[in-house]
Amino acid sequence: MTDRFPPGHATLAQADALHDALGRIAPAWPLDSQLASSPYWGLQQRSFADAAGLLQQLAASPLHMPLAHYRSQLQQGELTLAHLQAALHDYGVATSASAWLASQHDAPAAAPLPLQSALRGDGAGHHGLQDWRSVIVQQVSQFCAAWFDRHQAEWQPDRQRCLYQAWRDDMALQPVPTPDNALATRIRRDIGALPADADSMVALALAQLQPGSTWLADWLHALLLRNGGWAAWCRYLGWQQQLQGGDERSLHGLLAIQLAWECLLDDGQRHTGTVWQRWQQQWDSAFAAPATLPAGLIWQRAAEHATHRPLLQQLAAASRQPATAPAAKPGRVHAVFCIDVRSEAMRRALEQQLPGCSSSGFAGFFGLPLAIHGGDAAGQARLPGLLAPQWDATLPAAPARLDSWQHFERAPLSSFTLVESTGLAKLGKLLRKSWPRRAAARLSQLDPWLARDADAARLAATPDLDTVCQQLLRLLPAMGLGEPLPDTVLLVGHASHSSNNPHASSLQCGACGGHGGHLHVLLLAGWLNRDDIRQQLAAHGYAIPPLTVFLPALHLTHSDELQLLPLADPAPLLAERASALAPLLAAAGSSARRERARQQGEAIPAHDPLPALRERGHHWAETRPEWGLANNAFFIAAPRALTRQLELGGRAFLQEYHWQQDPDGDTLAGILAGPLVVAHWINMQYFAAVADPVRFGSGNKVLHNVVGGRIGVFEGNSGDLRIGLSQQSVHDGTRWRHQALRLAACIAAPAGHIDGVLARQPQLARLVAGGWLHLYAVHDGQLQRKHGDGWQHE
């Protein structure tokens, strides 16, 4: 019955809908470089409210917490009617908060629109079997795991074949998952009649199933969301190719597979009352009805007002006084930290421990667009995911290779079979891993690319001297390092250490591509201490005094300690400064650990908890080595003087910015396009893991099995690829440790200055206009929020 599959070609309108649907999928990075990314990035063309309605229709995926969560906050006083009233005003709802609240009645969330395959009752769903959706998810997921596997597959896929072609060939060899013999016979016959390439499969499905033109892109989007984890992985592969100017069509192939399943389960009947007609009617009706504003978005905005307003008001009050950097003093120390929220408490502690010390915030890759190479190993990008590497740096040793047992330990299903397969041979190793270890984490533990700590000090980079100096001339003022320079400048990267944690890279520096920032600060400090580079900088008007030294340091976020990193052949002055600073850095770490305990609502320890925190990072059975960036809520681009006295609770990304020194707005343009977008990605990843943990969280890490060595995880041994943060990253077993709130971005500058820069940043302007983040201008005691084409006083 090849006539069931009529030949056809996609029309121009259908091609546009296909492009739209594919573009809605956001990438998910692999485990070894799992930088935070927004799972909603592909929907940025829509407003937040429109995306909320769409995701609810297509996948029952909410963009807010359950309504009972907000009602509980109202009862406990965390929300008030004033916050609800402000939220209603923001959404243009002309009613009082009390009247609106009285009109609300909790009701079960609407089910998503069904795919026509889900309406089929024959075969799957009968005789106690799974429904067809579960069958398809499982079959596609298992196939993708084998196709993309880098370590476990018994065969290496022929890269000349596309994903869809390989799936079609594989399906011809596999048993049909249904006990209905007649249906199995039909599906088996029809598999052989499917088109041989993905483009033809897409065209065939559109001709056969005849989806409505008004909802074609939405239906294709829903099909991709059926295996949303693998769709995100395919989008990542395409993202990487696009950064390099290439093309990768795995996502298109995955969509062709989903369409093929819809065609295989279509019985061809088109008369009244058929499954096909019911499917069409439900989708037609849903998209003909006017859109309504979900009540959950009102509640969610009220929760944002409750959290954001107190700090915003403090910022506005602080901005009444001119914010100037402290004058340079003999012996002064200035520390440049990553803008990561975990740095905020450490910066405060360091400033308290060192009188006259100042600090500033800058993106953790310190402006060095690096790809790291080790021996003959492929390069590894260590910069924000929005950027492509421009410089290659080389390590003298290749990454340590995994031995055969390590391969087995990382394999899918390994946690279920490792002990049974190895028996007592692994008992000693397990006991050693279980023994408490309280030593500081070594660099080689933080970064498998380092065979030993000394390798980091011998990092060699390829850029020529002039290129390096031109980059430094742009970076140094943006870091808050204007003249005169202090005697000691600390360049502080950050890294985290955890054992037996497939998602360890999610706790690293997002600006470094999900890796530690140690290589960047080592390289940068080494350059800035070189005489030839200083001479060239001086020739361009940026003089570094002979007594100024640059020291690389590392903030270990799992244990909140500061370590000075070794420089190759340090001069006596560098060694002297490092020796003098070491005890002060230790004291700052102790203070930061106590502050962190208070911020996280834990009992303040009577003694320094450093040994216990180190042990948490070393222990192979620890599911919560640290809370990472949980509870982030603010991005503040301002002079440190504006935030130095504020209680930020470890919830703010702190970017140094002085608008008076940026008359053309170029520095702010770079901040909005880079650090702010990265902070937005981080915020949305945590938001999604709390608001929709089923679709955008990776579930219980105790049940995780690694797929393909690095691709992602299954929760258990089946189901879709799980993406995003684990449950243990955002929930402590009793309560959520992160509030699902959109980011409040606060820029210390006149509103007109910000408008001039926004006009050059259409992507960021679109995010603000769509409500994906809130943008505030703080200046001269005034607080304004960007609203539509203008600004609204708060």
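Residues numbered from 1 in each chain as written. Predicted model: local features only at pLDDT ≥ 70, side-chain atom pairs only at ≥ 80, totals over all residues. Heavy atoms only, no water.

1. What to know about the pairing of strand β8 (residues 549-556)
Point 1. Where burial is concerned, most of β8 is hidden: eight out of the eight residues are buried.
Point 2. Residues of β8 alternate between two faces, with Val-549, Leu-551, Ala-553 and His-555 on one and Phe-550, Pro-552, Leu-554 and Leu-556 on the opposite face, all of them buried.
Point 3. Bridge count for strand β7 (residues 488-495) against β8 is eight bridges, and the pairing is parallel. Opposite Leu-491, over in β8, you have Pro-552 as the bridge partner. (Buried < 20%, exposed > 50% of the residue type's maximum accessible area, 1.4 Å probe, protein only. Helix = DSSP H or I, 4+ residues; strand = E, 2+ residues; numbered from the N terminus. Pairing = 2+ DSSP bridges.)

2. Notes on the pairing of strand β19 (residues 790-793)
Point 1. Here strand β18 (residues 782-787) runs beside β19; their pairing, made up of four bridges, is antiparallel. Bridge pairing in β19 links Gln-784 to His-793.
Point 2. In this structure, the hairpin formed by β18 and β19 is closed by a connection of two residues, where Gly-788 is found at a positive phi of approximately 65 degrees.

3. What to know about helix α23 (residues 531-539)
Point 1. Along α23, the residues that are buried comprise Ile-533, Arg-534, Gln-536 and Leu-537. Projected down its long axis, α23 carries its buried residues within an arc of 165 degrees, all on one side. In α23, the exposed positions angled more than 90 degrees off the buried face are occupied by Asp-531, Gln-535 and Ala-539.
Point 2. Looking at the buried residues of α23, the elements they touch are α21 (465-478), α22 (518-528) and β8.
Point 3. Once α23 ends, the next one or two residues include Gly-541, with phi positive near 95 degrees. (Arc of directions from axis to C-beta. Contact = heavy atoms within 4.5 Å.)

4. Description of the sheet that holds strand β16 (residues 744-747)
Point 1. Spatially, the six strands line up as an open sheet ordered β11-β10-β16-β17-β18-β19, and their pairing is mixed. Every other strand in the sheet has two partners, leaving β11 (652-656) and β19 as the edge strands with one partner each. For this sheet the average axis-to-axis angle between neighbouring strands, irrespective of direction, equals 25 degrees.
Point 2. In the sheet, strand β17 (residues 774-779) pairs with β18 via four bridges, with the strands oriented antiparallel. Residue pairing in the sheet places Ala-777 in a bridge with Gln-784 of β18.
Point 3. Lying over the sheet, helix α14 (residues 295-318) contacts β10 (634-638), β16, β17 and β18, oriented at roughly 20 degrees with respect to β17. (Axes fitted to C-alpha atoms, helices over the stretch in contact; angles between N-to-C directions.)

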